[in-house]
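Below, each chain spelled out in residue letters.
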Amino acid sequence: MKLSDSVKYVKGVGPKMAERLEHLGIRTVEDLISFYPRRYQDWTQITKMEDLVSGEESVIYGRILDVKEIHPRRGLSILNVTMTDGTGAVTLTYFNQPWKKDEFSRGLNVLAYGRAEYGYGKIQMGNAETEAVTPEELPSFQKLVPIYPLTEGIKINRMRQMIQEALDRVEDLDENLPLETVRKEHLMERAEAIRVMHNPENETMRQAARKRMAFEELFFMQAGLLLLKRKREKGASSVKCAPSGKLVRAVLKNFPFELTDGQKLAFRDIEDDMEGLVPMQRLVQGDVGSGKTAVAALALAKIVENGYQGALMVPTEVLAGQHYETFQQFYKGLPIRVAYLSGQTKTSERNEILEKLAKGEIDVLIGTHALIEKDVIFAHLGLVIMDEQHRFGVKQRKALESKGESPHILVMTATPIPRTMALSVYGDLDVSAIRGMPPGRHPVKTYAIDGSYLKRVFNFMRKEMQAGHQIYVVCPLVEKSEKQDLASAVAVYEELRDKVFPDFKVGLVHGRMKGAEKDQVMNDFKDGKIKLLAATSVIEVGINVPNATIMFVYGADRFGLSQLHQLRGRVGRGSSQSYCILYTDNRNEVTQLRMRLMCEISDGFLLSEKDLLLRGSGEFFGYHQHGMPDLKAADIIRDLPLLEEARREAAKAVDKGMDFTEELRHRFGGAFFKKMEEAEKE
Ligand code: ADP
Ligand code: MG
């Protein structure tokens, strides 16, 4: 039997069972044998009945004294099986499972696993799993017993049977890792590891097997990403820049501040890349407010200094407009021609920009998705930067990149990506982190409140506004929805404007407003004309209004930790103490924990790691959207050390030119090879 065979080839699996297995994502023999147990029952330790602890799962072994079925009322049957091991007695109970009766008879020796409960003066075990086992057979049953996630129509024993059947018959479980790696990492052999995953004799064996299977997954994931990276590097020769000169230095002088050490280090990485033979593929991650824009401005100046154009793409109009303004300051008096293109740009103006761009009369183009439209043509694009990169898909990144001939690529994100993620999803990019913040920042004080504090908080907000500061109030929805009872920006806006703060100018901005309208409001807020801005999360990314000191979030439970951190990053940008107030009446335990984490942790890296742990590894940062392979044994959050080992070993193997085509096709699927082909074309 081969791994790729349908499960229908497994003995006893008919069309019906095949269908049920499909519900669990199991189609092939390989799917079946890599359907690893969710946990194991420890049958290695038999507990004497006199030592049983109420509430604990235990294994007991004894002889059946009595089997009795009772019918206390219509439609209810209770089966009581009493057994003893000489130290005490236990009654196994089964409700409404009359067929069970046939499994037991007086005098039979039974091994039982279940939760012991003291009650009515005796020890009971409800719904215990049992095996009829003679004393001679006993040792072979003392092991870790696998527990699988199940679906309707598949019982646990049936699942174990099918997997065992498949394991007994499958042939091609040959070693797929380089032997050198297996030896160096002391890995269990593949065929053995898969079997042990389902049938571990003890905990040590189980751990060794899991390590092996996890290593394998991480190894091939990294091999794939590294191959992709190498391919890009080989195919493309870059716009090789000269060491930074006058123009870059002039921009540095124009900044109204000194670069932080973190910014300096990040820019040095970028300089190294841009001066090299291989096009830059770098991710700069820096917490909200760490000053990524300045780093982008330097990189763009550097490409212009070398006679090429640069593009900066951002996810929202508001942010694009703001960057455009910032860059005009940064480049003031310097020969760098900056233009701004968005979906709102008037046709005549747009035509003019496109014409100049194609002639090379614009050096730096800043804009939204509008940059990737077909008719946007650069004369010689040498550097592509994407800000808030997590808002873009791989496709959009590619579309912008394809406007130049293997341009340097810099992606920036404020969503701190834990190292595990950086190495997996972004494994084909190099990573720089901007550590540390510009000087003089106070950490934002964060509080979680419920409705009982609302009045006090409103008073506090009034005081802040009287002191000349400004406030953001963010809501999860634009308008009231019938289905959800959530704060909507429109309703909150009206309430605050008319009832709570009639004496202050209150504004409203949300995603459904027209661009021009939105810009007007944002500008009024920036200029201090609007004191309090009610908004949806459109203001989440990038907005910079240093005078704002309070971020008030309605329905805070509706936002993820990273998103809340981003929102919080909108304040604390000036020299005054700032506050983030998270309002939710949701008493749910996880919600409360998340609120507590927000209050206690101000470091975005740490927060995002906690976020990962809370959300589980499947869903973070669109792992699957990035076309990454399924992980069954590995846990991408907890297996960081293993991931780093695997990456090192994979790099060695890739450098030796080992061919993993089949494994990679299998694991990543077709999408990966399409990426490879694209890389080849570049
Ligand atoms: P982000 O990394 O979130 O994009 P920004 O680039 O918007 O951060 O910078 C946030 C604020 O910090 C801006 O007002 C910017 O002018 C300021 N800033 C950036 N770098 C420095 C620095 N080295 N020293 C002082 N202020 C800085
Ligand atoms: Mg930014």
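Residues numbered from 1 in each chain as written. Chains lettered and ligands numbered in written order. Predicted model: local features only at pLDDT ≥ 70, side-chain atom pairs only at ≥ 80, totals over all residues. Heavy atoms only, no water.

Filter applied, for reference: UniProt positions are given in the numbering used here, feature names are shortened, and annotations may be inferred rather than shown by experiment.
The name given to the protein chain in an unreviewed UniProt entry is ATP-dependent DNA helicase RecG, with Dialister hominis as the source organism. As recorded by UniProt, the Sequence similarities (unreviewed entry) comment attached to the protein chain reads in full: "Belongs to the helicase family. RecG subfamily."

## What to know about the sheet that holds strand β20 (residues 548–554)
Strand pairing in a sheet takes place through backbone hydrogen bonds and is either antiparallel or parallel in direction. Going by this rule: What makes two strands pair is DSSP finding at least two bridges between them. Each helix is a run of DSSP H or I of at least 4 residues and each strand a run of E of at least 2, with the numbering of both proceeding from the N terminus. Axis geometry follows a simple rule: fit a line to the C-alpha atoms, using only the stretch in contact for helices, then measure angles between N-to-C directions, giving values from 0 to 180 degrees. Contacts are residue-level and defined by heavy atoms, with any inter-residue pair within 4.5 Å sufficient.
The 6 strands lie next to each other as β16-β21-β20-β17-β19-β18, forming an open sheet whose pairing is parallel. Both outer strands of the open sheet, β16 (445–449) and β18 (506–509), are each paired with one neighbouring strand and no more. Neighbour-to-neighbour, the strand axes of the sheet open up by a mean angle of 15°, direction not taken into account. Bridge count between β16 and strand β21 (residues 579–583): 5 bridges; the pairing is parallel. Bridge assignment links T446 to a residue of β21, and that residue is C580. Sheet contacts for helix α15 (residues 454–466): β16, β17 (470–474), β19 (532–535), β20 and β21; angle to β20, the most-contacted strand, approximately 155°.

## A word on the sheet that holds strand β15 (residues 430–434)
Strands sit in the order β11-β12-β10-β13-β14-β9-β15 across an open sheet of 7 strands; the sheet is parallel. Since the sheet does not close on itself, it has two edges, and those belong to β11 (338–341) and β15, each with one partner. When strand polarity is set aside, the average angle formed by the axes of neighbouring strands in this sheet is 20°. Here 5 bridges tie strand β10 (residues 309–313) to strand β13 (residues 381–386), and the two strands are oriented parallel to one another. Considered in β13, the bridge of L312 is made with I385. Contacting β10, β11 and β12 (364–367), helix α12 (residues 347–359) crosses the sheet at an angle of about 135° to β11. Along the sheet face, helix α13 (residues 394–401) touches β9 (281–286), β10, β13 and β14 (408–413) and points at about 160° away from the line of β13.

## A few points about the pattern of salt bridges
For clarity, the cut-off: When a carboxyl oxygen of Asp or Glu is within 4 Å of a side-chain nitrogen of Lys or Arg, the pair counts as a salt bridge. The classification of residues rests on relative accessible area computed with a 1.4 Å probe and restricted to protein chains. Under 20% of the type maximum is buried, over 50% is exposed, and intermediate values are partly exposed.
Following the criterion strictly, the structure yields 32 salt bridges and no others. With a shortest N-O distance of 3.0 Å, E69 and K101 are connected by a salt bridge. Here the residue E69 occupies a position in strand β2 (residues 57–73), and K101 occupies one in the loop between β4 (89–95) and β5 (109–119), the gap between them amounting to 32 residues. Given a relative accessible area of 23%, E69 falls into the partly exposed group. Given a relative accessible area of 36%, K101 falls into the partly exposed group. A salt bridge links E185 to K184; the nearest nitrogen and oxygen atoms lie 3.6 Å apart.

## A few points about the side chain of Q263
Which entries qualify depends on this criterion: Nitrogen and oxygen atoms within 3.5 Å of one another constitute a polar contact, given that in protein one can donate a hydrogen and the other can accept it, and given that sequence-neighbouring residues count only through two side-chain atoms.
Tracing the backbone through its elements, the reader meets Q263 in helix α9 (residues 261–274). Residue Q263 is classed as buried on the basis of its relative accessible area of 3%. Among the polar contacts listed, one links the side chain of Q263 to the backbone oxygen of G291, at a separation of 2.8 Å. Every residue in contact with Q263, bar those within four places of it in the chain, is listed here: E258, S290, G291, A294, V295 and I434.

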